[in-house]
Amino acid sequence: MGLFDSIKKRLERNGQEQKKAEKMPIPEDLDETLKILREVFKDCDDVIFREFNVGVEQKLRYALVCIDGLSDKILVDNFVLESLMLDARMAQPGIDDIKSKLFDFTLNGTLAATELKENDDLNQVIGSILSADTAVFINGYDRAIVIGTKLWPARSPSEPKSEGVVRGPSDGFVETMRFNTALVRRRIRDPRLKVKQLQGGVRSKTDMAVLYMEDIVNEDILQQIYERLKEIDIDGILESGYIEQLIEDNIFSPFPQIQSTERPDAVAGAILDGRVGIIVDNSPFVLIAPATMLSMLHSSEDYYQRWVVATFVRTTRIIAAILSVFLPALYIAITSYNPDIIPFRFALSIAGAREGVPFPAFIEAAIMEISLELLREAGVRLPDPIGGTIGIVGGIVIGQAAVSAKIVSPVMVIIVSITAISSFTIPNFGLNTGMRIVRFLLMILAAVMGLYGVMLGFIAVLIHLVNLKSFGVPYLAPVVSMSGRDFKDSVVRLPIRTFIFRPEFLQVNNKKRMKRMSLGVKDDRNKNDKGEGSR
Amino acid sequence: MINNDKISNTQLWMFIVLTTIGVGVFSLPRVAAEAADQDGWIVVVLGGVITLVDFYIISRLAKKFPGDTLVEMANKVLGKYLAVPVLIVFWLYMLSISAMTLRIFGEVVKMSILIRTPVEVILISILLLVLWLTRGGVEPISRFNEIIFPILIIVLVFAGLLTLPKSDFSNILPIFTIGAQDILKGAYQSAYSYAGFEFVFFIIPFIKKPERIFRPGAFAIAITSLVYVAAVILSLAKFGALQTKELIWPTLSLIRSVEVPGSFIERLEGIVMSQWVLLAFTTIVPVTFGVASLPSRMLKHREFKHFCTIAVPIVYLIAMVPDNIVETYEYLDFIAAYLQAPSIFIIPVLLLISSSIRKVGRKANG
């Protein structure tokens, strides 16, 4: 009990510390204000304090505070300082007016900027300054003007490094949240697309945006996401990976339960399905919840290609995903326990190829898989030109040398290569990594108990998957709890004309997606029939 | 509220098919041939009919008590004290079915793919998975079955087609040579192969439409019978009645005899055995669920998971009682003689009749 009490007390104390950030009034005297600010920003040499005088007689004292590098200096110089120092001189309001309405004149009549706010809480003003706004203080007023001058270093949208497509847009998310919301908004120009902004991280004060379609999304899912986001109480959120790990359902699972993507079209598609997008500042990876395993095996290109091709590609990808998990384990099980299930001659040729290899199949496979993991890791860390070289040196030279040196058999090299190639077809990086871990577990089971071990492993993975949920949605949906409607966009991808309803397993409010169209061959008269009821 | 959890009709029939098809499929041709020689398949069909009638009674009970398991039904119908012996008999039946299935499973795996592994290792490893899945409750089990089902059906159909060459279907002629008494006896014996569907008693509260379970159930039993009849006919056609009687697991021998010329997989045994691990698993899990569910409902304990953790070791201990496979089948005969009839017939009928007399439960329409 004592332990719990002390933990409880500590929690309460933490709560109090945070509540201390209460309202702090701004002193009317400018010198005093600046003194407080200089104390707050002590040893912060990137903060700019600019004091200046305004008016013909130079009697009105002003001060401007912003952060060097974050704020747009051109905007501050040309439209704040210039307006106040030069243009304001030309206007000649009556002396009395100036005394009483100086603040309003400055706010509404002088500053030529789009985003202006008035604030009388010094703490909030400091917060704004830190997020790249500029604050203007006027002597004699207990209020400050906050000018939106955000211009932080940013990258312009470029092609996503993961999830490449041939057919489809090649813009990708960037590190700036505002750009990212714009990329989604550009695709869905509907006031029902809501962009709710939150802040997370006590110190980092990271902006986050929750995006959803108001009339489609399931409120329970949305509510759950908000609750979990609000529970977060951490010093800093540096990447959306923090959020993903802080709000996911099962932290012990090797599989990601929230989809992360760099592609704006994938997020827009998910939002239209009734999912929720979470954009975190400073991260080009946008989260999509709830996620299912199949949604992570889908590429957005699947929807841009014609359905016959898309179905073929998608099925191939799913088979590849299964192969990438089971192939090495099956090889180990078959060569070391049950060589009788493959044709006699093939078994002989495998045995012949393994002639001279001193290790059992498991060690052989482990050597190859581990060296492949090393190559992969090295390839990611090294700069691009050397990364390619590593692939060639590692893959071809070492592979060939290992076979000649009889450390591994050529069949093993083939198996490991096919496994690696298959795993690269999985579009989602997190799922790919999770499957690698499962692959190693299955290899161990295969080494211990042969085919029976592989089956046990398969059952174990399946049990884990059927128990897994992402925000209340079964992870294996729509394969489980299957309704006929959801089949059309699962393992296969049927024609878009059949996508009349949104996925049923998400239990959305607005189910209908498009107006029913004829599935037959069209004749010329109906050429421009696009289905007006589509939303 | 997000809720995909209640069992739909589709899930229910897959659930029942996977539960009823279990280890019985391997020994069934022998049982059938012993009872009725080349008329064995008639025995199996009759076994299916018996099961169907039994399931009809269960569905009537489900209609009357849509939110209850067997425990609440017995308490409502028979009263607190009279319900206890009835439930104990039923529990023993479920327990022994679960344990014997497990043991036969272990022996088959040992014989066919893990010859030098002790049977204890096989049993404990699979039981850990059984425990994991049962602790999750009904919904994960039904989702699990939904994934397994298509895989299994494809493999079964494929394997069945591949056994066709070199079969002689004149082996099942002439038909109707055996007396009615033998056929009925055989039908009763073959009912073990259908055992397991009694778990439905324990999942009634989790079904979306508990009033209408007869149709999916009948469909499921039809599929099971089809698979069994196919197994029996194919074994008889391949080996003839006399040889089928001599084999412990004729179906296994049948699969072993298959050769697939010109394809990558030469012998089906490994593939079918690994699929069969799934079949046995999907039988053991629901029955073990029943074994754990019954006492937890009886004692009105809220933590079902603890009962699973206790039930699984008990199942293991019972499974290890027989010394060898022959003894296991002797135990099964014992169960068939003393526990099966009361559990699958007398108890449901008793409940149905006395609920009508005492007018308990919701009135069935028509």
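Residue and element names in this part refer to chain B. The grouping of K208, K209, R212 and R215 at the surface amounts to a positive patch. In this structure, R215 sits in helix α10 (residues 214-246). On the basis of relative accessibility, which here comes to 73%, the residue R215 falls in the exposed class.

A few words now on helix α13 (residues 344-354) of chain A. Residue and element names in this part refer to chain A. Considered for burial, the residues of α13 that qualify are A347, I350 and R354. Each buried residue of α13 sits inside an arc of 60° when the element is viewed along its axis, so together they form one side. Across from the buried face of α13, at angles greater than 90 degrees, the exposed residues are F344 and R345. For α13, the secondary structure elements touched by its buried residues are α12 (307-336), α14 (361-381) and α16 (410-424).

Residues and elements named next belong to chain A. Strand order in the open sheet formed by five strands is β1-β2-β4-β5-β3, and the pairing between neighbours is antiparallel. The outermost strands of the open sheet, each flanked by one partner alone, are β1 (47-54) and β3 (116-119). On average, each strand axis in the sheet is tilted by 25° relative to the strand beside it, whichever way the strands run. Of the strand pairs in this sheet, β1 and strand β2 (residues 60-67) are connected by eight bridges, and their pairing is antiparallel. Among the inter-strand pairings, F49 is bridged to a residue of β2, identified as V65.

Further remarks concern the sheet that holds strand β6 (residues 193-200) of chain A. Residues and elements named next belong to chain A. Judged by pairing direction, the sheet is antiparallel, and its five strands sit side by side in the order β6-β7-β9-β10-β8 without closing on themselves. Looking at strand neighbours, the two that pair on one side only are β6 and β8 (259-261), the edges of this open sheet. With direction set aside, neighbouring strand axes in the sheet form an average angle of 25°. Bridge count for β6 against strand β7 (residues 206-213) is eight bridges, and the pairing is antiparallel.

Our focus in this paragraph is the confidence of the model for chain B. Residues and elements named next belong to chain B. For chain B, the mean per-residue pLDDT works out to 83, and 95% of the residues sit at or above 70. The lowest-confidence element of chain B is helix α8 (residues 180-190), averaging 78 in pLDDT; the highest-confidence one is helix α6 (residues 119-135), averaging 92. For this predicted complex, the interface confidence score (ipTM) comes to 0.89, while the overall pTM stands at 0.86.

As a further point, take a nonpolar patch on the surface. Judged by side-chain polarity, A:I392, A:V393, A:I396, A:V397 and A:I398 come together as a nonpolar surface patch covering roughly 470 Å² of accessible area. Assignment of secondary structure puts A:I398 in helix α15 (residues 384-404).

Residues A:Y452, B:F105, B:W276 and B:F281 are the most contacted members of the largest nonpolar core, which totals 178 residues. The element best represented in this core is helix α17 (residues 429-467) of chain A, accounting for 19 residues. Contact partners of A:Y452, with chain neighbours within four places excluded, come to B:F105, B:V109, B:I113, B:L114, B:I122, B:S125, B:I126 and B:V277. The next biggest cluster of nonpolar side chains, apart from the first, holds 42 residues, and it includes A:V184, A:I237, A:V276 and A:I279.

Residues and elements named next belong to chain A. With the rule as written, the count across this model stands at 26 salt bridges over all chains. Measuring nitrogen to oxygen at the nearest pair gives 3.2 Å for the salt bridge that ties D190 to R192. A residue is classified by how much of its surface remains accessible, and D190, at 15% relative accessible area, is buried. Several salt bridges share partner residues, and in doing so they unite D31, R38, E51 and R61 into one network.

Each value, and the rule that gives it
- Residues numbered from 1 in each chain as written.
- Chains lettered and ligands numbered in written order.
- Predicted model: local features only at pLDDT ≥ 70, side-chain atom pairs only at ≥ 80, totals over all residues.
- Heavy atoms only, no water.
- Patch = residues over 30% accessible without salt bridge, like charges linked within 9 Å, V, L, I, M, F, W, Y side chains within 5 Å.
- Areas by Shrake-Rupley, 256 points an atom, 1.4 Å probe, with all protein chains shown as cover.
- Salt bridge = Lys/Arg side-chain N within 4 Å of Asp/Glu carboxyl O.
- Lys, Arg positive; Asp, Glu negative; His and termini not counted.
- Charge placed at Lys NZ, Arg CZ, Asp CG, Glu CD.
- Helix = DSSP H or I, 4+ residues; strand = E, 2+ residues; numbered from the N terminus.
- Buried < 20%, exposed > 50% of the residue type's maximum accessible area, 1.4 Å probe, protein only.
- Arc of directions from axis to C-beta.
- Contact = heavy atoms within 4.5 Å.
- Pairing = 2+ DSSP bridges.
- Axes fitted to C-alpha atoms, helices over the stretch in contact; angles between N-to-C directions.
- pLDDT = per-residue confidence, 0-100.
- Core = buried A, V, L, I, M, F, W, Y, C linked by side-chain atoms within 4.5 Å.

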